[in-house]
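Below, each chain spelled out in residue letters.
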Amino acid sequence: MVADSTVGAVTGGEPECSDSLRTFGAVVQALREHAGLSRTELGEQVRFSKHTVASVELGRRMPDPAFVERAEQALGNTGALRKAAGHLARQPGLAAWFRQWARLEAMAISLCTYECRVVPGLLQTEAYARAVSLSVPPLPDEEEMNARIAARLARQELLSTKRKPPTAFSFILEQAVLERHTGGEEVTQGLLDHLLGVVERHWNVELQVMPLRRPVHAGLDGPMRLAETPENQWFGYSEGQKNGRLITDRKEISVLHQRYAKLRTQALTPDDSVSLLKRLRGAP
């Protein structure tokens, strides 16, 4: 499915332990490595054995509150681990493979998204989200549908300029996604109005449209996302059919940065993108 990853099946229970715990463990490991500490050195600072540190990082052990607090202090005291630990609970409506990225997304200070399949979930309207979910088999029941849409709309709180600090967003969206008219004319008109409203109301959101004709295109390998944490560490994310991959390798992230930077030069400017959206919308 390609509905911005909030279209995963809702099981009605807790997310898999491996998903929940490995997500937190990946954050711990990334922060530890960024700080230049070994597992033994971090263990000494948090007063747990290196084996416990390893178990947490590998997603085999639920972190004790004391571990979270001490690791937070040892790894920069940015609040990242406290926030990540708070998301170990169930997140209805989010696909299992997307939950780890959603947790990083929630603490990020900057987010970059290139999308060529659908409008990103952070920019969708309720009607568009419903139309996308109904387009991709298997069709959901009413409970699943409501959970998906609620989860997607709830994530849009991240766009708020009242967050301290507000997250800086960059979106690059293919014009073809808008020209597809997913859900029909009325849904598309509502979506275009919404996109224009988001750009107008949120000074922290930059939206660029990639035109239909672009002989040289840096995004031919597919969608990509980049997130910067409060301690200025970057993570990447890529997604396919029924799966997603969190990217922590610095070389891979460097490649994504190069591609995204190129995409920003190839897409229409933010002002020209707004003009295009208005032309697509037509007369109000």
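It should be emphasised that the depicted structure is a prediction, and the values quoted were computed from it without experimental measurement.

What follows concerns the confidence of the model for the protein. Close reading of the predicted structure is inappropriate where its pLDDT is low. Taken as a whole, the protein shows an average pLDDT of 85; of its residues, 88% reach a score of 70 or greater. With pLDDT under 50 throughout, residues 5-18 is counted as low confidence; its partners more than four residues away or in other chains account for 36 contacts.

Take the pattern of salt bridges next. Counting across every chain of the model gives 11 salt bridges. E57 is paired through a salt bridge with R32; the nearest N and O atoms lie 2.5 Å apart. Residue E57 is found in helix 3 (residues 50-57), and its partner R32 is found in helix 1 (residues 17-35); the two are separated by 25 residues along the sequence. Grouping residues by exposure puts E57 and R32 together as buried. Here E126 and R130 are joined by a salt bridge, their closest N and O atoms 3.6 Å apart. Here R130 and E126 lie together in helix 7 (residues 126-135), a separation of 4 residues that amounts to about one turn. E126 gets classed as partly exposed once you look at its relative accessible area, which sits at 42%. A residue is classified by how much of its surface remains accessible, and R130, at 31% relative accessible area, is partly exposed. When salt bridges with common partners are traced through the structure, they connect R32, R39 and E57 into a single cluster.

Bringing the sheet that holds strand 5 (residues 234-240) into the picture now. Taken in spatial order, the 6 strands line up as 3-2-1-4-5-6 in an open sheet, and their pairing is mixed. Here the strands that pair on one side only, and so sit at the sheet edges, are strand 3 (205-210) and strand 6 (243-247). Ignoring which end each strand starts from, the neighbouring axes of this sheet average 10° apart. The sheet contact formed by strand 1 (residues 110-115) and strand 2 (residues 168-174) spans 6 bridges and is parallel. Note on strand 2: the bridge partner recorded for S110 is A168.

Glancing now at the packing of aromatic side chains. Using the criterion set out here, one finds 3 aromatic pairs in the structure. Ring centres of F48 and F67 lie 5.6 Å apart, and the angle between their planes is 70°; on these two criteria the pair is classed as edge-to-face. Residue F48 is found in the loop between helix 2 (39-46) and helix 3, and its partner F67 is found in helix 4 (residues 65-74); the two are separated by 19 residues along the sequence. Given a relative accessible area of 19%, F48 falls into the buried group. An angle of 20° between the planes, with centres 5.3 Å apart, marks the rings of W101 and Y237 as stacked. Placement of W101 in helix 6 (residues 99-107) and of Y237 in strand 5 is noted, with a sequence separation of 136 residues between them. Of the two residues, W101 and Y237, neither departs from the other in class, the shared state being buried.

It is worth spelling out the pairing of strand 4 (residues 224-228) at this point. Summarising burial for strand 4: 5 of the 5 residues are buried, a large majority. Residues of strand 4 alternate between two faces, with M224, L226 and E228 on one and R225 and A227 on the opposite face, all of them buried. Where strand 1 lies against strand 4, 5 bridges are found, and the strand directions are antiparallel. Pairing of S110 across the sheet is with E228, part of strand 4. Relative to strand 5, strand 4 runs antiparallel, the two being bridged by 4 bridges. Bridge pairing in strand 5 links E228 to W234. Hairpin connection between strand 4 and strand 5: a loop of 5 residues separates the two successive antiparallel strands, and N232 in this loop has a positive phi of roughly 65°.

The omega torsion of the bond from P137 to P138 falls at -5°, within 30 degrees of zero and hence cis. Relative to the assigned elements, P138 resides in the loop between helix 7 and helix 8 (142-155). The amide bond that connects K164 to the next residue, P165, takes the cis arrangement and shows omega of -10°. By the element assignment, P165 lies in the loop between helix 8 and strand 2. Its identity is not glycine, yet H181 carries a phi of approximately 60°, on the positive side. As for its placement among the helices and strands, H181 is situated in the loop between helix 9 (175-179) and helix 10 (185-201). Residue N232 is not a glycine yet carries a positive backbone phi of 65°. For N232, a relative accessible area of 48% gives the class partly exposed.

Rules of the game
- Residues numbered from 1 in each chain as written.
- Predicted model: local features only at pLDDT ≥ 70, side-chain atom pairs only at ≥ 80, totals over all residues.
- Heavy atoms only, no water.
- pLDDT = per-residue confidence, 0-100.
- Contact = heavy atoms within 4.5 Å.
- Salt bridge = Lys/Arg side-chain N within 4 Å of Asp/Glu carboxyl O.
- Helix = DSSP H or I, 4+ residues; strand = E, 2+ residues; numbered from the N terminus.
- Buried < 20%, exposed > 50% of the residue type's maximum accessible area, 1.4 Å probe, protein only.
- Pairing = 2+ DSSP bridges.
- Axes fitted to C-alpha atoms, helices over the stretch in contact; angles between N-to-C directions.
- Phe/Tyr/Trp six-rings, centres within 6.5 Å; stacked < 30°, edge-to-face > 60°.

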